[in-house]
Each structure stands twice: as C-alpha cells, then as structure tokens.
Amino acid sequence: MTDQSSNQMWGGRFAAGPDAIMEAINASIGFDKRMAAQDIAGSRAHAAMLAATGVITDNDAEAIREGLLTVLSEIESGGFQFSTALEDIHMNVEARLKEVIGEPAGRLHTGRSRNDQVATDFKLWVRDQFDAAEKGLLALIKALVDQAEAGADWVMPGFTHLQTAQPVTWGHHMMAYVEMFGRDLSRVRDARARMNESPLGAAALAGTSFPIDRDMTASALGFDRPAANSLDAVSDRDFALEFLSTASICAVHLSRFAEELVIWSSAQFRFVTLSDRFSTGSSIMPQKKNPDAAELIRAKVGRIFGANTALMMVMKGLPLAYSKDMQEDKEQVFDAADNWMLALAAMEGMVKDMTGNRESLAAAAGSGFSTATDLADWMVRVLKVPFRDAHHVTGALVAMAEGRGCDLPDLSLEDMQGVHEGITEDIFTVLGVENSVNSRMSYGGTAPAQVRAQVKRWKDILAG
Ligand code: ARG
C-alpha cells in the first residue's frame, strides 16, 4: 500500500513521503514559477499534437487546453496556490489541471517527460530574454548614435593608459561603443538562431514509442525545427550558457563605459554632466551629485559573470542525459537576465540624458601635448625627416614645454628651431587640435567626416 504522503505524481513505488529537508533541497517552485506561461504554452502545444496524431481524443485535448488557460489565468491573477510538495512548476500546473478538469488531465503527460518539458520551458524563457536584450541593445545603440551625431566634431582628448594620447572627437568615442554593443547585438542574434530547436518530444531521454509529431509542436512554439537527438535535447544547456556568456561580454562593455562616465562626471574631468534623473545626492555632503547608476552598471558584470561561471561549473561534469544538477540553471539565468536588462535600460537612459561639456572637452583636448604626434608627422611629411628622428625631436620639444609649464603651441618658433632648424611657421597649423582631428581621415579614423559616415552607416542599420 502506498503511503498517502508520497508524491501524487510519482508516488507509486514509494512507501514514504520525503523528509522536510529533502523537500526543501528538491523543490524549484520558488523560482521556476517564473516559467508558468512557457510551461502552459508547451503543454497546450503538446496536447493539440497528441490529439492530431490520435494519441488522445479531441475532447480530452480540448478539455486540457481549456483547463490550462484557466490555470494560467489563476496564476496571472495571483490566486494560484503553489505547493512545495509538488516540487516544480510542471507538477504544480498539472496537479491543478487535474482539480479543474479531472481525468483527462492525466493524459497530458503521454509521450513526454519533465526532462523535455523543462528544457522546452526554459528555452522559451531564454528566447524571450534574447529578444528583450536585442531591443535593449538597439535602444542603447540608437542613444549613442544620437550623441555621436550631435558631437561629431567636438574635440576631446583620446587616451591610452589613461594618459592623454591624441585628440579625438566625441562622436568617435561614442561610436566606439556603438561598435562594441553592435557586436553584442550580433552575438545575441546568432545565439538566438542557434538555440531555436525544440526539445519537446525527446521525452525522458530516448524519445517515445507514441506516434508523436515533433515538427508540429516545434512550429506551434515558434521553434525552427525539433532538436535532432533526444539525449542531447534533454541534456543541452548551451543556450543558457550562450545567453550568460553573451550577457557577460556585454556587461563588460557596459562596465567599461560606466567607468568612463564615473571618471568623466567627476569635478576633475567635467567632460559630462549626468542628468538629475540618473544621479543621486549625498545625505551629508550637499554639493554631491553621484553617478550611482553608472557605478551599479559597473558592478553588474560581477553577478552576471558569476552566473556564467556557476552554470559552467554545474554542467561541466554531467554525464548524459538529464541530471537534477541542471535545476540549478534557472536562478542564475533569471538573475543575470533581470540585471542585464536593467543595466541596458539604465545605460540607455543615462546616455540619452547626459550632456557632453563641449568647452571642458576642448580645453582638455589641447592639453597634455596631445598634438605631439602631429608635430612629428609634420616633420616627416614636410621636412622628409625619418619618423624615428622626428619622434626624437618632438620628444625634446615636449620636454622643453614641460619644463616651462606650457603646451606645445605656446613655444616660440625660435625655441623650436633651436631643437630642429628646419621647422617653419607652418608647424603651428598642425598643433591645433581641430586640425589634428580633421587630418585623421583614414577609414575608421577620428575625423568628423569619418564619424559622420559611421553615424550614417549605423542609422541605416537601425532603420533596418
Ligand atoms: N524541476 C526540474 C528542473 O528544473 C524539472 C525536471 C525534473 N526532472 C526529473 N527527472 N526529476 O530541472
């Protein structure tokens, strides 16, 4: 005789119910209830297919499909009683379906298993998140392109090692991030296309002897095709790993930009003013306006990459096919997805609202000997001096200017001729930062004309 407290879904071979600790470690309902809509969509597709292939009657399928909608509306309205004893979303939904429609509910699980069911639900959930990430990235890219267009010719210092290197344009700097987020976008699309195969009908691991139609359920759920190997279908979490690794790389980009915004908005830089809407104040220092959104975006990479690492570790030693370890996939992905979407939206909001301080940017662009390379290039071009020699002469001039506490254009022609007699008045035309950026016309260079060409290219891409 089966113990009354044993599980109603699989209690047949059990004489006793689970220990409370067992129930606690086993249950996933606390988090996988987020997949309720996907679970019900999968079950509705499965029931329709079972009827179409004659495995169950049309009447039973209709009762199941209608009953599932009732369950869904109970869940959506918050009236559903989730039970830990029923472990997960799959069994919670099925048990409630039984209460709602009675006997036909027991026919729903024909020709499938929770193993293909959970893989299907989770794929549907992750697919939605890829779509949300695509939208978030497109919005962020658009905000950056708008900034780039507005300031295509604003000069600012370009840095390497965070030391002033050469003048660049604001537009060019914004478009650098457009390229980065553009690669994220292509990774998202790429991974989404690769993951879009249906596990449903792989059953526990080996397929099923029922004459199911996996093409039918695949297309009902918007998959491109059924997954081709049932063992792989139930054990594959590559889609989740690709989601997390794509999110991780994107989070690195978000974090790098956030770091620049933190630096740029400081009183020492004043390159940008962040809007009040995306800043906070200090409870003790009245003058402060803190770039908290940027700082939090910078921090998000930690948990997103942590999720990626965690799931890699969960998966790395698992034999085929399903193991319960895989239940640990969902919380990582849920948390990473929530925070990725939030970070994308916050970054978009900050970029849209921020003001580049054109004067501060221009003032900084001219300091720090940023046109030293232009001076050396001028000597090569006009005086036909080998670049290495020109580099040496320019270095001497920089040292001279540094010694006097001035910038290169402040040196007199006589000073310069004292270091290299060939230098003429013409040198001053290249020492201006505007000339410097305008001259960088190589493809992908910082010249405003090049930036505008890239802005146009991206506007065309965004217009689809
Ligand atoms: N809650 C489970 C999970 O998230 C569903 C699959 C359970 N399958 C099983 N054979 N116990 O992975």
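Since we're looking at a predicted model, the values are computed, not measured.

S.K.: Help me understand the overall build of the protein in this model?
M.R.: Along the protein, the regular secondary structure elements total 19 helices and eight strands. Since a compact globule built from 464 residues should have a radius of gyration of about 23 Å, the 31 Å found for the protein marks it as more spread out than a globular shape. Overall size of the protein, expressed as C-alpha extent along the three principal axes, is 105 × 50 × 40 Å. Of the contacts formed within the protein by residues at least 6 apart in sequence, a portion of 74% connects residues at least 24 apart. Mean positive and mean negative side-chain charge positions of the protein (44 and 62 charges, respectively) differ by 1 Å.

S.K.: I tried to follow the pattern of salt bridges on my own but got confused; where do I start?
M.R.: Proximity of charged atoms lets side chains of opposite charge pair with each other. By the definition in use, this model includes 29 salt bridges. Residue Asp276 pairs with Lys289 through a salt bridge whose shortest N-O separation is 3.0 Å. One end of the pair, Asp276, is in the loop between strand S5 (272-273) and strand S6 (280-281); the other, Lys289, is in strand S7 (residues 289-290), with 13 residues separating them in the sequence. Lys289 sits in the partly exposed class, given a relative accessible area of 42%. Close ionic contact of Lys330 with Asp329 constitutes a salt bridge, the shortest N to O distance being 2.9 Å.

S.K.: Hey, could you run me through the packing of helix H6 (residues 114-150) against helix H12 (residues 329-353) in this one?
M.R.: Packed helices, taken two at a time, are described by the angle between their axes plus the distance between the axes. At a minimum axis distance of 9 Å, the contact between H6 and H12 shows a crossing angle of 15°. Viewed along their axes, H6 and H12 adopt a mutual orientation that is roughly parallel. Regarding H6 and H12, the two cross each other, and that crossing is left-handed. Considered class by class, the residues forming the contact of H6 with H12 number 19 nonpolar, three polar and four charged.

S.K.: Sorry, what's going on with the side chain of Gln454 here?
M.R.: On the secondary structure map, Gln454 appears in helix H19 (residues 448-463). For Gln454, a relative accessible area of 13% translates into the label buried. Polar side-chain contacts of Gln454 include one of 3.5 Å to the side chain of Tyr443. Look past the residues within four positions of Gln454 in its chain and what remains in contact with it is Met175, Glu179 and Tyr443.

S.K.: Where do I start with the site of the ligand in this structure?
M.R.: Near the ligand, the surroundings consist of Ser28, Asp32, Asp88, His90, Arg114, Asn115, Val118, Tyr322, Gln327 and Lys330. Lys330 is positioned with one of its side-chain polar atoms (N or O) 2.7 Å from an oxygen atom of the ligand. Isolated, the ligand exposes 340 Å² of accessible area, and the fraction of that covered by the protein chains is 86%. The element that contributes the greatest number of residues to the shell around the ligand is H6, accounting for three residues. The residue inventory of the shell around the ligand, partitioned by class, reads two nonpolar, four polar and four charged.

S.K.: Mind showing me how you'd approach the nonpolar core here?
M.R.: Within soluble globular proteins, side chains that are nonpolar tend to cluster in buried spots. Counting 97 residues, the largest nonpolar core has Leu254, Trp340 and Met347 as the members making the most contacts within it. What Leu254 contacts, discounting residues up to four positions off in sequence, is Leu140, Phe181, Ile297, Trp340, Ala343, Leu344 and Met347.

S.K.: Got a minute to help me understand helix H15 (residues 387-404) in this structure?
M.R.: Each α-helix winds once per 3.6 residues, and so residues spaced three or four apart point in a common direction. A rise of 1.5 Å per residue sets the reference length of H15, with its 18 residues, at 26 Å; its end C-alpha atoms lie 26 Å apart and thus fit the reference within 8%. Residues of H15 that are buried sit in contact with helix H14 (372-383) and helix H16 (413-419). After H15 finishes, the residue Gly405 shows a positive phi value of roughly 70°.

S.K.: I keep staring at the pairing of strand S2 (residues 163-169) and nothing clicks. Help me out?
M.R.: Looking along a regular strand, one sees the side chains alternate between the two faces of the sheet. Pairing of strand S1 (residues 155-160) with S2 involves five bridges; the strand directions are antiparallel. Its bridge partner being in S2, Pro157 is matched across the sheet by Pro167. Here S1 hands over to S2 after two residues, with His161 in that stretch at a positive phi of 60°.

S.K.: Could you clarify how one ought to interpret unusual backbone geometry in this entry?
M.R.: Glycine aside, a negative phi is what most residues show, and trans is what most peptide bonds show. Cis rather than trans, the peptide bond between Leu320 and Ala321 has omega equal to 5°. Tracing the backbone shows Ala321 in the loop between helix H11 (292-315) and H12. Positive phi, close to 65°, is recorded for Glu87, a residue that is not glycine. Looking at the secondary structure, you find Glu87 in the loop between helix H4 (58-76) and helix H5 (89-101).

S.K.: I keep staring at the packing of aromatic side chains and nothing clicks. Help me out?
M.R.: Note on aromatic pairs: each is described by the distance of the centres and the angle between the planes. The full count for this structure, using the stated rule, is 13 aromatic pairs. Plain terms: the ring middles of Phe122 and Phe239 are 5.6 Å apart, the flat faces sit at 70° to each other, and that makes the pair edge-to-face. Linking Phe122 in helix H6 with Phe239 in helix H10 (residues 238-264), this pair joins segments that are 117 residues apart in sequence. For the pair Phe122 and Phe239, a shared accessibility class is recorded, and that class is buried. Relative to Trp340, the ring of Phe243 has its centre 5.4 Å away and its plane inclined at 70°; by these criteria the two rings are edge-to-face. Of this pair, Phe243 sits in helix H10 while Trp340 sits in helix H12, placing them 97 residues apart in sequence. An identical accessibility class is assigned to Phe243 and Trp340; each is buried. Through pairs of rings, three or more aromatic residues link up here, namely Trp154, Phe159, Trp170, Trp264, Phe269 and Phe271.

Cut-offs applied
- Residues numbered from 1 in each chain as written.
- Predicted model: local features only at pLDDT ≥ 70, side-chain atom pairs only at ≥ 80, totals over all residues.
- Heavy atoms only, no water.
- Helix = DSSP H or I, 4+ residues; strand = E, 2+ residues; numbered from the N terminus.
- Rg over C-alpha atoms; globule rule 2.2 N^0.38 Å.
- Contact = heavy atoms within 4.5 Å.
- Lys, Arg positive; Asp, Glu negative; His and termini not counted.
- Charge placed at Lys NZ, Arg CZ, Asp CG, Glu CD.
- Salt bridge = Lys/Arg side-chain N within 4 Å of Asp/Glu carboxyl O.
- Buried < 20%, exposed > 50% of the residue type's maximum accessible area, 1.4 Å probe, protein only.
- Axes fitted to C-alpha atoms, helices over the stretch in contact; angles between N-to-C directions.
- Parallel < 35°, antiparallel > 145°, perpendicular 65-115°, else oblique.
- Left-handed = near helix turned anticlockwise from the far one by under 90°.
- Nonpolar A, V, L, I, M, F, W, Y, C, P; charged D, E, K, R; others polar.
- Polar contact = N/O pair within 3.5 Å; in protein donor to acceptor, adjacent residues only side chain to side chain.
- Near = heavy atom within 4 Å.
- Areas by Shrake-Rupley, 256 points an atom, 1.4 Å probe, with all protein chains shown as cover.
- Core = buried A, V, L, I, M, F, W, Y, C linked by side-chain atoms within 4.5 Å.
- Expected span 1.5 Å × (residues − 1).
- Pairing = 2+ DSSP bridges.
- Phe/Tyr/Trp six-rings, centres within 6.5 Å; stacked < 30°, edge-to-face > 60°.

Read these as geometric descriptors, not functional statements.
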